[in-house]
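Listed below are the residues making up each chain.
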Amino acid sequence: MKYVYLAIVLMFSFRSFGQENLTEKAKEKVKEGFKISGFLSANAVGYHVSGIPNRREPFYWIFSGNLNISFLEWSIPITATVSQQESDFDAQLPFNQFGVSPRYKSVTLHLGYRSLNFSEFTLAGNMFLGVGVEVAPENSLVKVSAMYGRFARALNERGAEGFNSRLPAYERWGYGSKVTVGNEKREADLIFFKAADNLESIDRTLADSVGLKPQENFVLGINTRQQITEKTQINVEYALSAYTTDTRNPEIVLDKFTYANNLGGIYVPRESSQFNGAISGSLTYGGEMIQLQVKYRRIGPEYKTMGSTFLNNDLEDITGGVSWRMLKGKINVSTNAGVQRNNLDDEQLSSMVRIVAGANIAYTVSNHLNLNASVANFNASSQLTQFSANTLSPIMRDSLYYLQVTNNASLGANYSVGEGDFRNVLFSNASYQDASSNQGNNTTFYNVNAGYQLNYVPADFTVSTSFNYNDNSSEQVRNKSFGPSLVVAKHFFKRSLKCSLTSTALYNQLNAEKAADIYSTKFMTAYSYAKKHTLSFDATYVSREAYTENNKSFNELRAGILYSYTF
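Since this is a predicted model, take the numbers as computed values, not measurements. (Residues numbered from 1 in each chain as written. Predicted model: local features only at pLDDT ≥ 70, side-chain atom pairs only at ≥ 80, totals over all residues. Heavy atoms only, no water.)

Asks: Let's hear about unusual backbone geometry: which residues, and what values?
Replies: For Lys328, which is not glycine, the phi dihedral falls at a positive 60 degrees. Within the secondary structure layout, Lys328 lies in the loop between β15 (315-326) and β16 (331-342). At Ala530, a residue that is not glycine, the phi angle is positive and equals roughly 55 degrees. On the secondary structure map, Ala530 appears in the loop between β25 (513-529) and β26 (533-546). (Helix = DSSP H or I, 4+ residues; strand = E, 2+ residues; numbered from the N terminus.)

Next up, the structure:
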């Protein structure tokens, strides 16, 4: 019996030891899989000027941070920015922002101030406050992205003059989704995006006083990427935007674009609704020695999307480029050409046609000498539409006809020598531009810059000097500016402390008469400790002595201090 008892005790002892061992291994695995990294920074900047009005706020500060938490298959990046400018400026996008994007395997969730990019013509990276999700399994044929949030907050009063000058604005909310089907070689995206202003977010009397109208937008898009061969690819993007410039207008039933009549509460056509399309496509070939690319783009008149801040419309262009290498890669040549036109619906008085062509060559003569050169030609001409040609007087027709030709050329050389304690670099650049038009607006611009840099390696000391010359002349005015610059930089304490001093002088002449002398000095120092802490300080002083009535003399000082911690 005692042997049975001993066997039971030994069995439980081994089991207990195994559980403890398993627990310790699990703890070690969790500890190895748990990581925290990121950075924190605090920045304060002061500003003072005399002789002219302030060109920025006298003082501002900003705190920012980025924290990334990794745990096994989880990744949680967190960002935050807090600034004193939040209280000084009222903006539709606040200065104080925070956001977190936790990711588990193939699923990413976005919370707070985030941005997503569906395509150039739909949602193109605009910041929003809300929620988003991306589901992108590695080997799946289907990927999904979606978002919902506020793109702009309401500004319910008119700002004062100066730095806080602004107009009222509606609160704007939006949502959208992108579904991608396919693999790396062949895939397509189906996109929809909707955004609208909240009519009740600001006082109507205030909105009417500045001509502000609540707007609405609904965009459908489709993209495709096709790998034809190993080195050839085609990309196409198309979008159709329904945009209402005043949601207070009466509803209507459309004879064209009838799909919009059946969207229910997603989008309601109104008297101010307009429909425009945008398309772009590219064909690229990437060989070892030669690369080819052809692009086409057409953005309809009045095409707009609330998902993009900057997007030109009413244009059509086609461009192409060829680049290749020669002499075992020592010579690289690239050429490009294109044509662009506007007034796609012939509703403007004139149409503009632009033609551009250019070439660039870079030659690595040796390990010490590099040369480069480029030329470009830009032609822009206006053409009267049939309506304006028949209805306008000859004088008006002549005034609307416009032709401009611009030629550009540049040369550059860089020569370096020395591989021991002393290393020297000589550099020079020159550029030329000539622009002429049939209306007499002819200008010529020259720029020449040359300099020398010396690096004394044992002392970690660098000094460089250069001279810059600019000459800008037209039929009535000739403006020259020239002057030297000097930069001195030194590292101390095994490169943990860096100091640099930059001094520049610029002498300006207007029609051969002295116009102004501008002197600037900048000092910068940064100290790093334990590869985690960095404390830096910089100060810039600018002094302008004016000699003409149109220029004003002033003295300006800007100084800032920055601390950052990386972990």
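Asks: Describe the pairing of β26, listing the residues and the values that go with them.
Replies: In this structure, β25 lies alongside β26, joined through 14 bridges in antiparallel fashion. Its bridge partner lying in β26, Thr525 is registered against Phe537. As consecutive antiparallel partners, β25 and β26 are separated by three residues, and within that stretch Ala530 has a phi angle of approximately 55 degrees, a positive value. (Pairing = 2+ DSSP bridges.)

Asks: Provide a residue-level description of the layout of surface pockets, including the pertinent values.
Replies: Estimated volume of the largest pocket: approximately 460 Å³. In this structure, the largest pocket is lined by 20 residues; those nearest its centre are Gln92, Asn126, Ala152, Arg172 and Met306. Of all the elements in the fold, those that place two or more residues in the lining of the largest pocket are β7 (124-135) and β8 (142-152). Looking at the lining of the largest pocket residue by residue, the classes come out as 10 nonpolar, six polar and four charged. (1 Å grid on protein atoms, 1.4 Å probe; cavity = no way out; pocket = protein on both sides within 12 Å on 5 of 7 lines; lining within 4 Å. Points joined across faces, edges and corners; volume = space filled by probe spheres on them. Nonpolar A, V, L, I, M, F, W, Y, C, P; charged D, E, K, R; others polar.)

Asks: Account for the pairing of strand β4 (residues 97-100), with residues named and values stated.
Replies: Pairing between strand β3 (residues 74-83) and β4: four bridges, direction antiparallel. Bridge pairing in β4 links Thr81 to Gln97.

Asks: Provide a residue-level description of the nonpolar core, including the pertinent values.
Replies: Across soluble globular proteins, you tend to see nonpolar side chains buried next to one another. Of all hydrophobic cores here, the largest spans 11 residues; its members are Leu116, Phe118, Leu123, Phe128, Met147, Phe151, Ile191, Phe193, Ala195, Tyr243 and Met306. Broken down by secondary-structure element, the contributors of at least two residues to this core are β8 and β10 (186-198). Broken down by element, this core gets its largest block of residues, three residues, from β10. Non-local contacts of Ile191, meaning those with residues more than four positions away in its chain, are made with Phe118, Ser119, Thr122, Ser177, Lys178, Val219, Leu220, Gly221 and Asn223. (Core = buried A, V, L, I, M, F, W, Y, C linked by side-chain atoms within 4.5 Å. Buried < 20%, exposed > 50% of the residue type's maximum accessible area, 1.4 Å probe, protein only. Contact = heavy atoms within 4.5 Å.)

Asks: Describe the pattern of salt bridges, listing the residues and the values that go with them.
Replies: Two side chains carrying opposite charge are able to pair once their charged atoms lie near each other. Here the structure, examined in full by the defined rule, presents 15 salt bridges. A salt bridge links Lys105 to Glu73; its shortest N-O distance comes to 3.9 Å. Highlighted residues: Lys105 in the loop between β5 (103-104) and β6 (107-117) and Glu73 in the loop between β2 (59-71) and β3, separated in sequence by 32 residues. In this structure Glu73 comes out as partly exposed when scored by relative accessible area, which is 47%. (Salt bridge = Lys/Arg side-chain N within 4 Å of Asp/Glu carboxyl O.)

Asks: Please give an account of a negative patch on the surface that cites residues and values.
Replies: A cluster of acidic residues, Glu302, Asp345, Asp346 and Glu347, forms a negative patch on the protein surface. As for its position among the elements, Asp346 is in the loop between β16 and β17 (350-364). (Patch = residues over 30% accessible without salt bridge, like charges linked within 9 Å, V, L, I, M, F, W, Y side chains within 5 Å. Areas by Shrake-Rupley, 256 points an atom, 1.4 Å probe, with all protein chains shown as cover. Lys, Arg positive; Asp, Glu negative; His and termini not counted. Charge placed at Lys NZ, Arg CZ, Asp CG, Glu CD.)

Asks: If you had to explain the confidence of the model for the protein chain to someone new, which residues and values would you point to?
Replies: For the protein chain, the mean per-residue pLDDT works out to 88, and 88% of the residues sit at or above 70. pLDDT under 50 marks residues 1-18. Its contacts with residues more than four places away, or in other chains, come to zero contacts. Segment residues 386-392 is flagged for pLDDT under 50; beyond a separation of four residues in sequence, or across chains, it makes six contacts in the model. (pLDDT = per-residue confidence, 0-100.)

Asks: Give a description of the packing of aromatic side chains that names residues and reports values.
Replies: Under the definition given, this model contains 20 aromatic pairs. In textbook terms, an aromatic cluster arises when at least three aromatic residues are bridged by ring pairs, as seen for Phe218, Phe257, Tyr259, Tyr267 and Phe275. The ring of Tyr243 is capped by Lys304, whose NZ or CZ atom sits 4.4 Å from the centre of that ring. Sitting over the ring of Phe492, Lys490 keeps its end group 4.4 Å from the ring centre. (Phe/Tyr/Trp six-rings, centres within 6.5 Å; stacked < 30°, edge-to-face > 60°. Lys NZ or Arg CZ within 6 Å of the ring centre and 35° of its normal.)

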